[in-house]
Amino acid sequence: MLLRSCWKSRHKNGPGPGPAPSPAAGWVRPGLAALLWLCVTQAPCGGGAVSETKNVVQKDAEFDVTYNDTVTSDNQTIYAFNHTVSRNKTEGVHVSVDVLSQALESPFLFVVRQKHGVLSFQVPLILRGLYQRKYTYSHVGRTLCQPPTRAASETQYFFLDVSTLSSLGTNYQLRVSRVERFTLLTDTKFSFTASPSQPQYFKYDFPDGVDTVIVKVNSDMDFPCSVMSIQDIQCPVYDLDNNVAFIGMYQTMTKKGAITVQRKDFPSNSFYVVVVVKTEDEACGGPLRFYPLRPNELIDAGNRSKVLDVVVSPAINSKVYVMGMLFCLGIFFSFYLLTFFMACLENKQMSKKRDVFPIPADTSPAETASLLGTNGDGKTAASPYEYGSFADNGSTLSSEAITDSATSTDNNYGYLERSLDSVGRSRQESLSSVEEDDYDTLDDINSDKNIVRTKKFLCVSDLARKDKRILSKKYQIYFWNIATIAVFYALPVVQLVITYQTVVNVTGNQDICYYNFLCAHPLGALSAFNNILSNLGYVMLGLLFLLIVLKRDIVHNRALVRNDLHAHECGIPKHFGLYYAMGTALMMEGLLSACYHVCPNYTNFQFDTSFMYMIAGLCMLKLYQKRHPDINASAYTAYACLAAVIFFSVLGVVFGRGNTVFWIVFSVIHILATLLLSTQLYYMGRWRLDSGVLRRMVNIIYTDSIRQCSGPMYIDRMVLLVMGNIVNWSLAAYGLIERPNDFASYLLAIGICNLLLYFAFYIIMKLRSGERIKCLPLVCILFTAVVWGFALYFFFQGLSTWQKTPAESREHNRDCILLSFFDDHDIWHFLSSIAMFGSFLVLLTMDDDLDTVQRDKIYVF
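This report concerns the structure included in the present document. Predicted, not measured: the structure shown is a model, and the values here were computed from it.

1. Overview of the overall build of the protein chain
Here is step 1 of the chain: When its secondary structure is counted, the protein chain shows 18 helices and 22 strands.
Here is step 2 of the chain: In the protein chain, which comprises 861 residues, the share counted as buried stands at 50%.
Here is step 3 of the chain: By sequence separation, contacts in the protein chain at least 24 residues apart represent 80% of the contacts at least 6 residues apart.
Here is step 4 of the chain: As presented, the protein chain carries roughly 40300 Å² of accessible surface, and 60% of it is formed by carbon and sulfur atoms.

What follows is the structure, encoded as structure tokens:
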């Protein structure tokens with residue numbers, strides 16, 4: 001059928017509008033109004049009226065037939081299609097257009113008029129990239145939106161209008177076909193090809209009994225970069241690179257993409273899976289090929305087709321959620337039960353030993369050793385009180401008279417022998433409150449500090465001379481400070497991650513957060529509940545450690561009240577403030593790690609690492625405090641240093657990537673800090689950093705190394721510090737040369753390496769000094785080492801990384817491996833929390849063998 005219609009319009013010279021155009025035929029449908037912009041009237045100079053006619057040709061068209069036609073500005077073609085749709089079956093319709101002419105004066109305009117909407121696009125299709133680049137595509141394919149129908153079956157019509165403003169005849173090729181397998185089936189893979197000008201989308205209906213599914217899109221090709229989107233069943237479908245982010249959930253992808261979809265988010269119980277190939281690869285970490293550009297230059301994008309496959313699988317049900325939570329709780333509650341059982345067993349053993357060896361409270365350690373058949377140095381049988389608790393017991397020595405260092409011998413280290421009974425009686429003084437002004441005062445022996453602390457051989461008694469009440473208050477500040485820091489740090493963190501999650505849910509942008517999308521199980525508003533739940537171990541085991549420390553603290557205080565001389569004068573001095581701080585830090589690590597995993601990305605990675613720095617620093621301080629209680633750093637100094645570490649961590653994350661100046665500055669500061677700390681440790685704090693420090697250094701080097709050629713006075717300390725400097729200088733050189741992108745992890749590695757070095761040195765020196773490691777700490781050491789090994793294996797699996805683009809990070813995603821609920825990183829959380837708890841127990845119990853050894857026989861190293 002051939003229909004002709006003429007539109008006429010006249011423009012008269014002079015002011016005022018011309019007459020409105022009037023149609024010559026009445027068959028024009030409302031959708032044809034989109035073509036009115038093609039009606040162009042011209043008025044020649046001089047004022048005459050000239051009319052231009054436009055021919056409109058309508059054809060009845062069929063599916064799967066290729067139409068080769070020509071269109072100019074003088075004619076338009078309308079293709080009329082009809083097809084039957086049913087309520088229980090959705091059939092896709094695909095429109096494919098090719099331009100056969102090479103040089104076009106003006107583009108084609110294709111308008112598809114449907115019952116419930118209009119789709120229009122031009123050919124050649126122009127898509128914009130970065131910096132206003134323009135890419136042209138002569139082959140365009142679009143899938144028509146198919147809204148659901150209420151009738152059981154009905155015939156629907158749609159019309160495809162073709163027009164152009166080009167006066168030259170332009171050839172094109174048109175084909176409209178039905179899409180096979182437009183509706184995706186559950187657990188059935190479907191392969192297809194997409195390009196920037198030929199996006200693809202498919203429909204999925206939730207089957208009965210399935211409330212959550214995971215949509216996986218895979219490809220063997222890294223590039224071109226593509227986008228997968230989940231959209232509701234509504235028209236229009238946003239399936240171009242410049243509008244795919246307008247609605248629904250979406251994420252960029254190279255080889256892998258996965259989105260978990262819940263039925264509650266789609267009232268129609270169905271959704272579209274849209275796959276779009278981007279015009280450029282920069283969003284996926286690829287290069288920008290076309291640069292520099294001339295303004296308004298059209299770029300031929302070349303072949304950017306990509307073969308992909310999609311599969312929709314049911315996600316886990318509520319039973320798996322319950323099993324995962326019960327498994328998590330069961331693992332860590334078992335540690336509570338084991339601890340309770342061990343405490344009961346030890347109390348029973350202690351009661352039996354007290355019945356066999358009833359020792360009076362005022363018995364000296366020497367007499368106790370005689371009763372128990374030991375030699376007083378703890379190397380044979382142990383005191384009954386040695387098994388009294390889960391932690392070390394003891395106090396600090398009161399001030400003792402000091403002889404002149406010139407007359408002191410290596411056996412008594414400058415101390416006069418004195419009956420411990422008199423010392424015990426002196427401990428019955430009133431326990432009045434101590435003011436903060438009394439901290440770190442040795443008024444009675446100020447003149448002897450340099451003599452005592454610079455002796456060649458030091459014992460714990462030399463560095464445990466301050467009043468216990470003063471030191472107890474000093475070290476309790478560690479706990480109260482970290483509790484205050486935790487509150488002020490955690491509250492804004494929680495607020496921020498809630499905002500992150502809200503933004504993800506509202507915008508649908510899945511590139512904001514770096515999840516393991518193949519094992520991200522949502523719960524409520526949370527997108528990856530399993531990664532949050534697995535952090536429960538840090539909180540529960542941190543609380544358990546606090547309870548163990550509290551029990552030991554109570555037992556130790558009771559021993560002090562009953563004037564037990566072993567608690568007063570033997571063993572490593574017991575100060576529990578740092579232990580309380582360590583347990584609190586472990587709990588906060590769990591809370592902040594959970595906050596980080598609400599929406600993991602590079603901007604909030606410091607939430608996951610800040611308290612790791614705290615834990616590493618507190619563990620090193622505790623190791624040093626064991627045998628240096630009088631000269632350990634104050635809480636204010638320690639937390640100020642840790643704050644500086646976190647400050648550099650933030651700077652490194654923000655400015656450190658590829659910034660040579662930053663790495664030079666940081667490496668210099670790292671080396672200088674290592675040298676200053678080494679000097680502080682070597683001289684036990686008995687040195688000054690002032691304008692004369694360089695002159696004193698030159699004098700020492702000249703006197704000891706050049707004139708006398710003498711070795712270092714403190715050989716053990718020198719060995720530790722030399723090894724520490726080698727490690728730290730090596731790490732500084734590695735950072736300066738390699739400049740790793742993950743600065744936060746690099747900084748954490750520095751802290752962990754120093755902690756492991758100091759811990760190994762402590763164990764070696766302990767054994768070298770003739771001390772022994774009891775059964776419980778030995779089991780803890782072996783168990784913790786094994787667990788750390790497995791934990792690090794799962795940590796380095798690398799399921800995601802914010803050092804790369806979100807699309808590249810998803811290439812590392814893997815399926816769940818435990819109970820279909822937990823992934824490798826969740827197992828890292830389980831094992832690392834257990835390993836940290838075991839490490840804390842090692843620090844707590846490793847010196848229990850010294851509980852009956854007098855402090856002037858315990859060496860300092």
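2. Considering the side chain of Lys278
Here is step 1 of the chain: For Lys278, the position within the fold is in the loop between strand 20 (270–277) and strand 21 (298–300).
Here is step 2 of the chain: On the accessibility criterion, Lys278 (17% relative accessible area) is buried.
Here is step 3 of the chain: When neighbours within four sequence positions are excluded, Lys278 is seen to be in contact with Pro196, Cys225, Ser226, Val227, Asp241, Ala283 and Arg304.

3. Describing the sheet that holds strand 3 (residues 55–60)
Here is step 1 of the chain: If you trace the five strands from one edge of the open sheet to the other, you get 3-5-12-7-8, paired in mixed fashion. Looking at the sheet topology across the chains shown, the edges are occupied by strand 3 and strand 8 (118–123). Across the sheet, the mean angle separating the axes of adjacent strands is 20° when strand polarity is ignored.
Here is step 2 of the chain: Two strands pair when backbone bridges link them, and strand 7 (residues 108–113) and strand 12 (residues 153–164) are joined in this way by six bridges, in the antiparallel orientation. Paired with Leu109 across the bridge in strand 12 is Ser163.

4. Some points on the packing of helix 7 (residues 536–561) against helix 18 (residues 824–845)
Here is step 1 of the chain: Following both chains from N to C, one finds helix 7 and helix 18 inclined at 15°, their axes separated by 9 Å at the closest point. By the criterion of interaxial angle, the relationship of helix 7 to helix 18 is roughly parallel. Our pair here, helix 7 against helix 18, has a crossing hand that is right-handed. On helix 18, the residues that touch Gly537, Tyr538, Leu541, Leu544, Phe545, Ile548, Val549 and Arg552 of helix 7 are Trp828, His829, Ser832, Ser833, Ile834, Met836, Phe837, Phe840, Leu841, Leu844 and Thr845.

5. Description of the pattern of salt bridges
Here is step 1 of the chain: Under the counting rule described, the total for this entry stands at 21 salt bridges.
Here is step 2 of the chain: Across the pair Glu280 and Arg133 runs a salt bridge whose closest N-O atoms are separated by 3.8 Å. Taken as a pair, Glu280 in the loop between strand 20 and strand 21 and Arg133 in the loop between strand 9 (125–128) and strand 10 (134–137) lie far apart in primary sequence, 147 residues in all.
Here is step 3 of the chain: Because the salt bridges share partners, they merge into one network encompassing Lys626, Arg627, Lys766, Glu771, Asp847 and Asp849.

6. Concerning helix 15 (residues 743–768)
Here is step 1 of the chain: With 26 residues, helix 15 extends 37 Å from end C-alpha to end C-alpha; this agrees with the ideal 38 Å at 1.5 Å per step.
Here is step 2 of the chain: Remark: Gly770 follows helix 15 within two positions and exhibits a positive phi of approximately 85°.

7. Considering the packing of aromatic side chains
Here is step 1 of the chain: Under the counting rule described, the total for this entry stands at 57 aromatic pairs.
Here is step 2 of the chain: An angle of 50° between the planes, with centres 5.4 Å apart, marks the rings of Tyr67 and Tyr79 as tilted. Note that Tyr67 is positioned in strand 4 (residues 65–71) and Tyr79 in strand 5 (residues 75–86), a separation of 12 residues in sequence.
Here is step 3 of the chain: Between the aromatic rings of Phe81 and Phe158, the centroid separation amounts to 5.1 Å while the plane-to-plane angle is 10°, which identifies the pairing as stacked. Of this pair, Phe81 sits in strand 5 while Phe158 sits in strand 12, placing them 77 residues apart in sequence. Comparing Phe81 with Phe158 shows no difference in burial state: the two are buried.
Here is step 4 of the chain: Members of the aromatic cluster, joined through ring pairs, are Phe647, Phe648, Phe662, Trp663, Phe666, Tyr734, Phe743 and Tyr746.
Here is step 5 of the chain: Residue placement shows Arg178 over the ring face of Phe63; its charged tip is 4.1 Å from the ring centre.
Here is step 6 of the chain: Its guanidinium or amino end placed over the ring of Tyr579, Lys622 lies 4.2 Å from that ring's centre, counting from NZ or CZ.

8. Some points on the pairing of strand 10
Here is step 1 of the chain: Pairing geometry for strand 9 and strand 10, over four bridges, is antiparallel. If you follow Arg128 over to strand 10, its bridge partner there is Lys134.
Here is step 2 of the chain: Strand direction decides the pairing type here: strand 10 and strand 21, joined by three bridges, are parallel. Note that in strand 21 the partner of Tyr135 across the bridge is Ile299.

9. Description of the packing of helix 11 (residues 635–655) against helix 12 (residues 660–682)
Here is step 1 of the chain: Two numbers describe how helix 11 lies on helix 12: the axes approach to 11 Å, and their chain directions differ by 160°. For the element pair helix 11 / helix 12, the angle class is roughly antiparallel. Seen along the crossing, helix 11 lies across helix 12 with a hand that is left-handed. Side by side, helix 11 and helix 12 meet where Phe648, Leu651, Gly652 and Phe655 of the first sit next to Phe662, Phe666 and Ile669 of the second.
Here is step 2 of the chain: Looking at the contact of helix 11 with helix 12 residue by residue, the class counts come to six nonpolar, one polar and no charged.

10. Overview of unusual backbone geometry
With the exception of glycine, most residues fall at negative phi, and the peptide bonds are largely trans.
Here is step 1 of the chain: That bond from Val123 to Pro124 is cis: its omega, 0°, falls within 30 degrees of zero.
Here is step 2 of the chain: That bond from Cys235 to Pro236 is cis: its omega, 0°, falls within 30 degrees of zero.
Here is step 3 of the chain: Along the chain, Pro236 falls in the loop between strand 17 (226–232) and strand 18 (249–253).
Here is step 4 of the chain: A positive phi angle is found at Asp187, which is not glycine, with a value near 60°.
Here is step 5 of the chain: Residue position: Asp187 is located in the loop between strand 13 (170–179) and strand 14 (190–194).
Here is step 6 of the chain: Within the chain, Asn563 stands out as a residue other than glycine whose phi angle is a positive 60°.
Here is step 7 of the chain: Relative to the assigned elements, Asn563 resides in the loop between helix 7 and helix 8 (565–569).
Here is step 8 of the chain: In this structure Asn563 comes out as buried when scored by relative accessible area, which is 16%.

11. A look at the nonpolar core
Here is step 1 of the chain: Judged by nonpolar contacts, the single largest core of 111 residues is most densely connected at Tyr478, Phe545, Phe611, Leu618 and Tyr639.
Here is step 2 of the chain: If we ignore the near neighbours within four places in the chain, the residues touching Phe611 are Ile482, Ile485, Ala486, Tyr489, Ala585, Met588, Glu589 and Leu592.
Here is step 3 of the chain: Of all hydrophobic cores here, the second largest spans 31 residues; its members include Phe63, Val112, Leu160 and Ala301.

12. Observations regarding the pairing of strand 20
Here is step 1 of the chain: When you tally the buried positions in strand 20, you get eight out of eight residues, the bulk of the element.
Here is step 2 of the chain: Judged from the six bridges that link them, strand 15 (residues 200–205) and strand 20 form a sheet pairing that is antiparallel. By the bridge assignment, Tyr201 is partnered in strand 20 with Val274.
Here is step 3 of the chain: Here seven bridges tie strand 17 to strand 20, and the two strands are oriented antiparallel to one another. Looking at the pairing, Gln231 lines up with Tyr272 of strand 20.

13. Things to note about a nonpolar patch on the surface
Here is step 1 of the chain: On the surface, Ile664, Val668, Leu672, Leu675, Trp729, Leu736 and Ile737 cluster together to form a nonpolar patch covering roughly 650 Å² of accessible area.
Here is step 2 of the chain: Counting residues per element, the ones that place at least two in the nonpolar patch are helix 12 and helix 14 (715–738).
Here is step 3 of the chain: Looking at the nonpolar patch element by element, the count peaks at four residues for helix 12.
Here is step 4 of the chain: Within the secondary structure, Leu672 sits in helix 12.

14. Some points on the state of the cysteines
Here is step 1 of the chain: Enumeration according to the criterion identifies four disulfides in this entry.
Here is step 2 of the chain: Each sulfur of the disulfide joining Cys513 and Cys599 lies 1.9 Å from the other. Across the disulfide from Cys513 to Cys599, rotation about the S-S bond amounts to roughly -95°, and the bridge is consequently left-handed. One end of the pair, Cys513, is in the loop between helix 5 (468–507) and helix 6 (529–533); the other, Cys599, is in the loop between helix 9 (577–598) and helix 10 (605–627), with 86 residues separating them in the sequence. In this structure, Cys513 and Cys599 share a single accessibility class: buried.
Here is step 3 of the chain: Between the sulfur atoms of Cys519 and its disulfide partner Cys816 the distance amounts to 1.8 Å. Handedness here is read from the sign of the S-S torsion; for Cys519 and Cys816, about 110°, the answer is right-handed. With Cys519 in the loop between helix 5 and helix 6 and Cys816 in the loop between helix 17 (806–810) and helix 18, the pair connects residues that are 297 residues apart, well separated along the chain.
Here is step 4 of the chain: The buried category is assigned to Cys519, whose relative accessible area is 0%.

Rules behind the numbers
Residues numbered from 1 in each chain as written. Predicted model: local features only at pLDDT ≥ 70, side-chain atom pairs only at ≥ 80, totals over all residues. Heavy atoms only, no water. Helix = DSSP H or I, 4+ residues; strand = E, 2+ residues; numbered from the N terminus. Buried < 20%, exposed > 50% of the residue type's maximum accessible area, 1.4 Å probe, protein only. Contact = heavy atoms within 4.5 Å. Areas by Shrake-Rupley, 256 points an atom, 1.4 Å probe, with all protein chains shown as cover. Pairing = 2+ DSSP bridges. Axes fitted to C-alpha atoms, helices over the stretch in contact; angles between N-to-C directions. Parallel < 35°, antiparallel > 145°, perpendicular 65-115°, else oblique. Left-handed = near helix turned anticlockwise from the far one by under 90°. Salt bridge = Lys/Arg side-chain N within 4 Å of Asp/Glu carboxyl O. Expected span 1.5 Å × (residues − 1). Phe/Tyr/Trp six-rings, centres within 6.5 Å; stacked < 30°, edge-to-face > 60°. Lys NZ or Arg CZ within 6 Å of the ring centre and 35° of its normal. Nonpolar A, V, L, I, M, F, W, Y, C, P; charged D, E, K, R; others polar. Core = buried A, V, L, I, M, F, W, Y, C linked by side-chain atoms within 4.5 Å. Patch = residues over 30% accessible without salt bridge, like charges linked within 9 Å, V, L, I, M, F, W, Y side chains within 5 Å. Disulfide = S-S within 2.5 Å.

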